[in-house]
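# Structural characterization, general
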Amino acid sequence: FFFFFFFFFPTFLPSQFSRTLPLTGIPLAATVAFSLSDLSRCSHSLTLDLAAMATSAFGTTTATSNYRNGGAANARNLPKNSSVKSKTGVRKSAPGSLGGGGAASSSSKDDAGVPGRVRVAVRLRPRNAEEMVADADFADCVELQPELKRLKLRKNNWDSDTYEFDEVLTEFASQKRVYEVVAKPVVESVLDGYNGTVMAYGQTGTGKTYTVGQLGDEDMAARGIMVRAMEDILAGVSLESDSISVSYMQLYMETIQDLLDPTNDNISIVEDHKTGDVSLPGATQVEIRDHHSFLEILKLGEDHRFAANTKLNTESSRSHAILMVNLRRSVKGKDSAVSSENSSSLQTVKSLKPSVVRKAKLVVVDLAGSERIHKSGSEGHTLEEAKSINLSLSALGKCINALAENSPHIPVRDSKLTRLLRDSFGGTARTSLVITVGPSPRHRGETASTIMFGQRAMKVENMLKLKEEFDYKSLSRRLDIQLDKLIAEHERQQKIFEDEIERLTAEAERQLSDAERNYVQALEGSSPLVLYWPCYVFCFQKERSKYQKEYLESIKKLEEKWTMNQRKSVNDENKLRHKDVGSNVLPNAKESKVAPIEENPEMKKLLEKETAHRKAVEEEVWTLKTQLAESRRSEALQSSEIVKLRKMLDDEAHQKEKLEMEIGKLQSHLLQLSVEADETRRQLDSGGSEEVLSGLDSLLHQSRQPQSDNSETGDKESVAKLFEQVGLHKILSLLEAEDADVRIHAVKVVANLAAEEANQEKIVEAGGLTSLLKLLISSEDETIHRVAAGAIANLAMSETNQELIMAQGGVRLLSNTASSAEDPQTLRMVAGAIANLCGNDKLQMKLRGEGGIKALLGMVRCRHPDVLSQVARGIANFAKCESRASAQGVKAGRSLLIEDGALPWIVQNANNEAASVRRHIELALCHLAQHEANARDMINGGAVWEMVRISRDCPREDIRSLAHRTLTSSHSFQAEMRRLG
Ligand code: ADP
Ligand code: MG
């Protein structure tokens, strides 16, 4: 039934509001909201192309206006100042922001980072089979305008709030488009070396897992974000130089479980205070080489998740699933712009410059259902579970609120989820959030809170930073290998040299002893020559010194050769590293095998260069060592800084406690003041009423603050408490004040309070409903009638209140008001109230008996479409109840609507030009036609033709087919149609 019926009365806002809000009552434009919604299905298909043409504006748009057309009730959300955030209005990461603290020591060149706001897309799930049946008579509570990137959340038949998002994805959006709009820019950023996050948030059953985790086993087109992201990553890297590894976890009850190794069920989070990085070293990391292995990992994770959850006796909608992809890429050609004069030593030094690696992380999160936040302690939850589920999700909400409001303290440490995501919100990552909503008006509350979460997340600014560092590890590995090679070569050369010396020494000794032996033999063989002995000795010594000289010369040559060889081996090494230089060196090296160094100046030069190069290497090593020491020192400094910051934090907490005590005191003071104010009011009641009015205005202002604003829940609770203790009874008593102005103001305050569901019970309990009903008779004033009837209409949305209204003779009172009222808006409120009562199965007879139907029909004298639409809604509600009662066998005979003469008006208006009127009447006709007892009257009254028209032309498919079914299943209608040919 159409029970959305919120009225707000803005005309008496405090002056500063009325200046910015020249709107009065309910916006006229709102009267077409219903017809727009009917058209929404066709308008989607028309706008799809437009939306597709607006290529990935998701990545660039800066408009974040919180645009709503809900009339003055939403004064705080209207674009009062400027609703569009300018590009320059970038928020700098607050010192305590999620992950904002650490990254200063990153080696990235661009230390300041690039501003990057969190992007938020909203995705609407199509109606599911259950909703097709259960919500057949209702319009969706959400209407999308993808071309404007807007979402309208319907409050009632004509009034809706409008919100702007970075991207609006209709129920027709393909998985491919969702990936391209939501995740692709993030994946591209990750490939470029930035951290990235993609997260899905929404009520259970709205399509988070479908959007993020769908594997697409059966239908390739249904592949979700995780699968598509990995496809893009694999296509974007080179597996020779880059590596990809993934971990997959679930977070349940503040415990992180490894989905790739179920025995590993309590993983701890490690935070690097220097870089701000968060990691889970305990989680299994699997290296990914191809897409197939990734799919296997996801499947394995899903299986383990199912098994773990069965063991823990829970469902997956209660846990958060987290996929972490770690990407390590080496960056080539970064320092290629070296001025080179083929200088080998310079080249060598340059080649010793470490290469650069980029270590980026992509985190994809499928959050637990957001409805859990509100349902702590509800059935099916243990207290412990409710607490923990709430803890992580509500901590996330709190952090996002704090960031959106630029609050100095971000409560990151409150939960594991917020610790894990510290880099994603207010940190250095590019973050994209998709919020998922369903169309059903039954879940309007959840949908609204999901939307508010998305709106706040859009205000969070991140500062993207490149995750780049020098690859000292691989440089040191390279140097080690080179050094080992040189040492081995050196040892080989040395051995050759020593062997050669040994050989030469042996050779020389052999020659020497040969010579000696020759002389001795010669001496022995020619004794007569003994006389010439001195001459022989002389010759022998000459010979000996000749051999010795020869020996020394060959040793010298050998030494030269060895030096040359050593030089050559280093040169070869250089040649390997710098092929361009090698071509110059090679021919010379060949020559140098034979020529001594002194004879080859080029060689000499090379040798000198080589020495210089060695020196440079040594210097480089020394520099690296100093850098290491330096970075150790700065690390120590930072830890002492952290200790200081911790202390500051403790002080702040202490300060906060003090302030809270102060607030407590002030609240009790306020209570005191309010009692005093009560006293003053009594005095004033006899005299002037000015101050009472302004008091009411400020109450009114408070009553209008939207409830969903979490950040102010504290304040609001205290306001609500004050109401309970002193306020509400006082206001209700003012409904009977003597001063007419006071009465009008009071009834407006009550009406506005009644527009908030949360206040309704309190108002009724305090007797507000009775007072409002009384006003209908006791007052002559049309404004009072209008406002009181509006308040009654709002209260008449709940079944209990409907019964109370009936029991207190409300229908008669409303009927009397209807017959005397002139103002269309008064009639609209009265008709709205009666229409709500018409939807209650139990009250049908009584409502009719007290003239409710007649009163509705009487109001059509005013031809205003707003009034007609309410009358039609009432009739549709009534017909639906009757139809249900007939089907259950509770009711027999003609419809009471026909008894009371509603049929002629129904037939006349079945094709009313206002879609909101027409649609209700079409439904009413279908319900009436379902019962043979009504057939004769309907045929006589000309309703058959309308039914035929509806079954052919009605743009709403569900109504069209209902009409068709009804016509074909009724004997009387069939007979009549045959008779008329
Ligand atoms: P959640 O993870 O938010 O609880 P699911 O992803 O499990 O929700 O979706 C609930 C059901 O709705 C699933 O059967 C899913 O296939 C279906 N569904 C969700 N979104 C869509 C969509 N955009 N198109 C078609 N079916 C969808
Ligand atoms: Mg899910």
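Residues numbered from 1 in each chain as written. Chains lettered and ligands numbered in written order. Predicted model: local features only at pLDDT ≥ 70, side-chain atom pairs only at ≥ 80, totals over all residues. Heavy atoms only, no water.

Along the chain, the regular secondary structure elements total 34 helices and 17 strands. A buried classification covers 50% of the 981 residues belonging to the chain. (Helix = DSSP H or I, 4+ residues; strand = E, 2+ residues; numbered from the N terminus. Buried < 20%, exposed > 50% of the residue type's maximum accessible area, 1.4 Å probe, protein only.)

Let us now look at the pairing of strand β4 (residues 150-154). Burial analysis of β4 places four of its five residues in the buried class, the great majority of the element. With four bridges joining them, strand β3 (residues 142-145) and β4 adopt antiparallel strand pairing. Its bridge partner being in β4, L144 is matched across the sheet by L151. The hairpin turn running from β3 into β4, its antiparallel successor, is four residues long, and K149 in that turn takes a positive phi close to 55°. Two elements, β4 and strand β5 (residues 160-164), share five bridges in a ladder whose sense is antiparallel. Bridge pairing links K152 to T162 in β5. (Pairing = 2+ DSSP bridges.)

In this sheet, strand β9 (residues 255-258) lies alongside strand β8 (residues 243-252) in antiparallel orientation, the contact comprising four bridges. Across the sheet, residue Q250 finds its bridge partner in β9, namely Q257.

The next thing to look at is the sheet that holds β3. Spatially, the three strands line up as an open sheet ordered β3-β4-β5, and their pairing is antiparallel. The open sheet has two edge strands, β3 and β5, and neither has a second partner. Geometrically, the sheet is characterised by an average inter-axis angle of 20° between neighbouring strands, direction not taken into account. Packing of helix α11 (residues 444-457) onto the sheet brings it into contact with β3, β4 and β5, and relative to β4 it is tilted by some 150°. (Axes fitted to C-alpha atoms, helices over the stretch in contact; angles between N-to-C directions. Contact = heavy atoms within 4.5 Å.)

A few words on the site of ligand 1. In the vicinity of ligand 1, the contacting residues are R123, R125, P126, Q203, T204, G205, T206, G207, K208, T209 and Y210. Contact distances for ligand 1 include 3.1 Å between an oxygen atom and a backbone N or O atom of G207. In the model, an oxygen atom of ligand 1 is placed 2.8 Å from a nitrogen or oxygen of the K208 side chain. Protein burial of ligand 1: of its 560 Å² of free accessible surface, 64% is covered by the chains. (Near = heavy atom within 4 Å. Polar contact = N/O pair within 3.5 Å; in protein donor to acceptor, adjacent residues only side chain to side chain. Areas by Shrake-Rupley, 256 points an atom, 1.4 Å probe, with all protein chains shown as cover.)

So, on to the packing of aromatic side chains. Working definition: an aromatic ring pair is given by the centre-to-centre distance plus the angle between the planes. A full pass over the atoms with the stated rule returns one aromatic pair. Ring plane angle 5° and centroid distance 3.7 Å describe the contact between Y201 and F453, whose orientation is recorded as stacked. One end of the pair, Y201, is in strand β7 (residues 196-202); the other, F453, is in helix α11, and 252 residues separate them in sequence. By relative accessible area, which is 3% here, Y201 ends up buried. (Phe/Tyr/Trp six-rings, centres within 6.5 Å; stacked < 30°, edge-to-face > 60°.)

Over its 13 residues, helix α33 (residues 957-969) runs 18 Å from end to end, which matches the ideal 18 Å to within 8%, given 1.5 Å per residue. Taken together, the buried positions of α33 are I959, L962, A963, T966 and L967. All buried residues of α33 lie within an arc of 130° about the axis, which places them on one face of the element. Across α33 from its buried face, at more than 90 degrees, point the exposed residues E957, R965 and S969. For α33, the secondary structure elements touched by its buried residues are α30 (915-929), α32 (943-953) and α34 (971-980). (Expected span 1.5 Å × (residues − 1). Arc of directions from axis to C-beta.)

This next bit is on unusual backbone geometry. With phi around 55°, K149 is a residue other than glycine that occupies positive phi space. Inspection of the secondary structure assignment puts K149 in the loop between β3 and β4. Unusually for a residue other than glycine, N406 sits at a positive phi of about 60°. Its location among the elements puts N406 in the loop between α9 (383-404) and α10 (416-420).

We now examine the packing of helix α18 (residues 740-754) against helix α21 (residues 782-795). Where α18 contacts α21, the axes come no closer than 9 Å and their chain directions differ by 20°. Put simply, α18 runs roughly parallel to α21. Two packed elements cross with a definite hand, and for α18 against α21 that hand is left-handed. On α21, the residues touching R743, I744, V747, K748, A751 and A754 of α18 are T783, I784, V787, A788, A791, N794 and L795. Residues that form the contact of α18 with α21 fall into these classes: nine nonpolar, two polar and two charged. (Parallel < 35°, antiparallel > 145°, perpendicular 65-115°, else oblique. Left-handed = near helix turned anticlockwise from the far one by under 90°. Nonpolar A, V, L, I, M, F, W, Y, C, P; charged D, E, K, R; others polar.)

Our next topic: the state of the cysteines. As enumerated under the stated definition, the model contains zero disulfides in all. Between C926, a cysteine without a disulfide, and C954, which holds the nearest cysteine sulfur, the sulfur-to-sulfur distance is 8.0 Å. C926 sits in the buried class, given a relative accessible area of 0%. Taking the relative accessible area as the measure of exposure, C954 reaches 1% and is therefore buried. (Disulfide = S-S within 2.5 Å.)

So, on to the pattern of salt bridges. The final tally for this structure, using the stated rule, is 48 salt bridges. D514 is the partner of R517 in a salt bridge, and the nearest nitrogen-oxygen pair spans 2.8 Å. With R517 and D514 both in helix α12 (residues 472-525), this residue pair falls three residues apart, about one helical turn. You can call R517 partly exposed: its relative accessible area is 46%. We classify D514 as partly exposed; its relative accessible area is 23%. Between D937 and R894 there is a salt bridge, and its shortest N-O distance comes to 2.9 Å. (Salt bridge = Lys/Arg side-chain N within 4 Å of Asp/Glu carboxyl O.)

Soluble, globular proteins show a tendency: their nonpolar side chains are buried together. One finds M859, V871, W905 and L925 to be the most contacted residues of the largest nonpolar core, which totals 94 residues. In this view, L925 contacts I906, A910, M938, A943, E946, M947 and I950; residues no more than four positions away in its chain are not counted. (Core = buried A, V, L, I, M, F, W, Y, C linked by side-chain atoms within 4.5 Å.)

Looking now at the environment of L827. Structurally, the position occupied by L827 is in helix α24 (residues 824-838). The exposure class of L827 is buried, given its relative accessible area of 1%. For the pair L827 and L856, spaced 29 residues apart in sequence, the C-alpha separation works out to 9.4 Å.

Our focus in this paragraph is the environment of I297. Topologically, I297 is positioned in helix α7 (residues 291-312). On the basis of relative accessible area, I297 is assigned to the buried category, the value being 10%. For the pair I297 and L259, spaced 38 residues apart in sequence, the C-alpha separation works out to 9.2 Å. Excluding its chain neighbours within four sequence positions, the residues that come into contact with I297 are V246, Y248, L260, V286 and I288.

Angle between the axes and distance between the axes: these two values describe a pair of packed helices. For the pair helix α20 (residues 768-778) and helix α23 (residues 810-820), the least separation of the axes is 9 Å and the interaxial angle reads 40°. Here α20 lies oblique to α23, going by the angle between them. Of the two elements, α20 crosses α23, and the hand of that crossing is left-handed. Contacts between α20 and α23 involve L773, L776 and I777 on the former and, on the latter, G810, L813, L814 and T817. Looking at the contact of α20 with α23 residue by residue, the class counts come to five nonpolar, two polar and no charged.

Take the environment of S895 next. Position of S895 among the secondary structure elements: in the loop between α27 (865-887) and α28 (896-899). Accessibility expressed as a relative area gives 1% for S895, which makes it buried. The sequence separation of S895 and S883 amounts to twelve residues, and the corresponding C-alpha distance is 8.7 Å. For S895, the residues in contact, after removing those within four places along its chain, are E882, L928 and N934.

For the rest of this paragraph, the subject is the confidence of the model for the chain. When the pLDDT values of the chain are averaged, the result is 78; 74% of them are 70 or greater. Summarising per-element confidence for the chain, the mean pLDDT is lowest in helix α1 (residues 15-20) (30) and highest in strand β2 (residues 119-124) (98). Taken together, the stretch residues 334-346 has pLDDT below 50 and engages in 15 contacts with residues farther than four places along the chain or on a different chain. Below pLDDT 50 for its whole length, residues 579-597 participates in 25 contacts with residues either more than four positions away or in separate chains. (pLDDT = per-residue confidence, 0-100.)

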